[in-house]
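# Coordinates in review
The lines below spell out each chain.
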Amino acid sequence: MYDIALLGVLLAAIAIGFGLGFLHATHRKKTVPSSRPPELSREYFVGLNYLLNEQPDEAINTFIQALGVNSETVDTHIALGKLFRTRGEADKAVSIHQNLLARPALSTATNQHIQLELARDFMALGVHDRAQRLLRSLLENAANSPYHQEAKRLLIDLLEREKEWQDALDIAQPLLKQQPGMRHPAAHWLCELALEEIHQSSRALARKHLKKALQLDECCVRASLLIAKLEMENGHYQRAIEYLDRIPRQDIAHIPTLLPALKSAYERNNDLAGFETHLYQLLGQAPYTSVIVALGELIHRRDGVESAIERTGEWLREAPSLGGLDYLVDLYLESQRLSGKTPPDSRLLLLKHHTDALLEDRPRHRCRHCGFTSENLEWQCPSCRRWGTIKPITGIEGE
Ligand SMILES: [Zn+2]
């Protein structure tokens, strides 16, 4: 760890050394023949000595003193600040950037650049209120600056972290038309607002947010799922089913996500035949294990275990999966129990032991962007912070 940090400092030192050498060379250009090597300042060698003695903090302080702040060195100071931040020493980055801001002679653009970096430092330190103040002031005072868009992006990121969904929406609102990519996260912020309203028993407001989410992003699975749940609470099972029915068209990978709600809606509506028809329709769209198992269960309850074995076996021949095999073994064990075979066939028990072991601790969801896996479905990936990228794992080992 220390080696990596030292390497970072060394790189900075080389950059500064080069910068100093270059500055000296520039100053001396008129009087010294170009064949002579540029002269380095005394502070550079003092700093180098600190580095060689493995005193990186003293080395950096010496280099900063040697460098002085002017229009030619300010970028090096900013780069040093960034270096500290990426090394996890955001407090030092803050002092470098604040020190720079105290200089009166900076250009407006440079001043804005430093403010942006300082906001990043405060974010890295978790001092979100100070970062937010800086970014809001940048947005107010730097409307035409090249840093305006970046300040907006950072502020939205910050507001998301603070769960200030309405504020994030207000900031993003002007961007939603020109930047379609923003509509997807904005639809999720509306879902978050809807959940807050549901928590406070304001279901009408929640519904308004969810409808708006679907207007912004017609493929927002989460909004369809939440509206379906609201419809179920009101006893409108058929309408709930209609919203759930949209989900495979919005994102086919979320069929396993909608199944529990779909089952519940049909059961409460006393319509198991309707559920079966719906499951066959889903099976035609994507033969996921969860759909096969749900259909197998329906047939098991209605026609008995032998029919369930026969049909499940047929579907699994077309779409083999570990979860499906595990379910089929369960059905075989049940069949043996019913026929009075005790204990059951040891080969079946061995097979069940293996499928159980393979399915144990298996993640059920994966982020399609960064590969993060989780047991439960999370709408914002905790790793890459993207919205809606975590989906059920399907296929041979999946749902
Ligand atoms: Zn991710």
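None of these values were measured; they are calculated from a predicted model. (Residues numbered from 1 in each chain as written. Predicted model: local features only at pLDDT ≥ 70, side-chain atom pairs only at ≥ 80, totals over all residues. Heavy atoms only, no water.)

The next subject is the coordination of the zinc ion. Within the first shell, the zinc ion binds the protein through Cys367 (SG), Cys370 (SG), Cys381 (SG) and Cys384 (SG), at distances of 2.3 Å. For the zinc ion, the four donor atoms in the first shell make angles of 103 to 115° at the metal, so the coordination geometry reads as tetrahedral. Ordering the donors of the zinc ion by residue number gives the pattern C-x2-C-x10-C-x2-C. Placement of the pair is Cys367 in strand E1 (residues 365-367) and Cys384 in the loop between strand E2 (373-374) and strand E3 (390-392), with a sequence separation of 17 residues. A relative accessible area of 2% means that Cys367 is categorised as buried. (Donors = N, O, S within 2.8 Å, 3.2 Å for Na, K, Ca; no water. Tetrahedral: all angles 85-135°; square planar, octahedral: opposite > 155°, others 65-115°. Helix = DSSP H or I, 4+ residues; strand = E, 2+ residues; numbered from the N terminus. Buried < 20%, exposed > 50% of the residue type's maximum accessible area, 1.4 Å probe, protein only.)

Taken together, three strands build an open sheet; the order of strands is E2-E1-E3 and the sheet is antiparallel. In the strand order of this sheet, the two ends are held by E2 and E3, each with one partner. Two strands pair when backbone bridges link them, and E1 and E2 are joined in this way by two bridges, in the antiparallel orientation. Each bridged residue has a counterpart across the sheet, and for Arg366 the counterpart in E2 is Thr373. (Pairing = 2+ DSSP bridges.)

For the pair helix H17 (residues 289-303) and helix H18 (residues 305-318), interaxial distance at closest approach is 7 Å and the crossing angle is 160°. When the interaxial angle is binned, H17 and H18 end up roughly antiparallel. The crossing of H17 and H18 is right-handed. Contacts between H17 and H18 involve Ile292, Leu295, Gly296, Ile299, His300 and Asp303 on the former and, on the latter, Val305, Ser307, Ala308, Arg311, Thr312, Trp315 and Leu316. (Axes fitted to C-alpha atoms, helices over the stretch in contact; angles between N-to-C directions. Parallel < 35°, antiparallel > 145°, perpendicular 65-115°, else oblique. Left-handed = near helix turned anticlockwise from the far one by under 90°. Contact = heavy atoms within 4.5 Å.)

With that settled, consider the UniProt feature "binding site: Fe cation" (unreviewed entry) in the protein chain. Mapped onto the present numbering, the UniProt feature "binding site: Fe cation" (unreviewed entry) falls at Cys367, Cys370, Cys381 and Cys384. Annotated residues spanning 18 residues; largest pairwise C-alpha distance 8.6 Å, indicating a single compact cluster. Note that Cys381 resides in the loop between E2 and E3. Relative accessible area serves as the criterion here: at 1%, Cys381 is assigned to the buried category. Ignoring sequence-local partners within four residues, the contact set of Cys381 consists of Cys367, Cys370, Phe372, Arg386, Thr389 and Ile390. Among all residues touching Cys384, those that are not within four sequence positions of it are Cys367, His369, Cys370 and Thr389. (UniProt positions renumbered as here; feature names shortened; annotations may be inferred.)

Counting through the fold element by element, Thr312 comes out in helix H18. A distance of 2.6 Å separates the side chain of Thr312 from the backbone oxygen of Ala308, its partner in a polar contact. When near neighbours in sequence (up to four residues on either side) are disregarded, Thr312 contacts Ile292, Gly296, Tyr327, Leu328 and Leu331. (Polar contact = N/O pair within 3.5 Å; in protein donor to acceptor, adjacent residues only side chain to side chain.)

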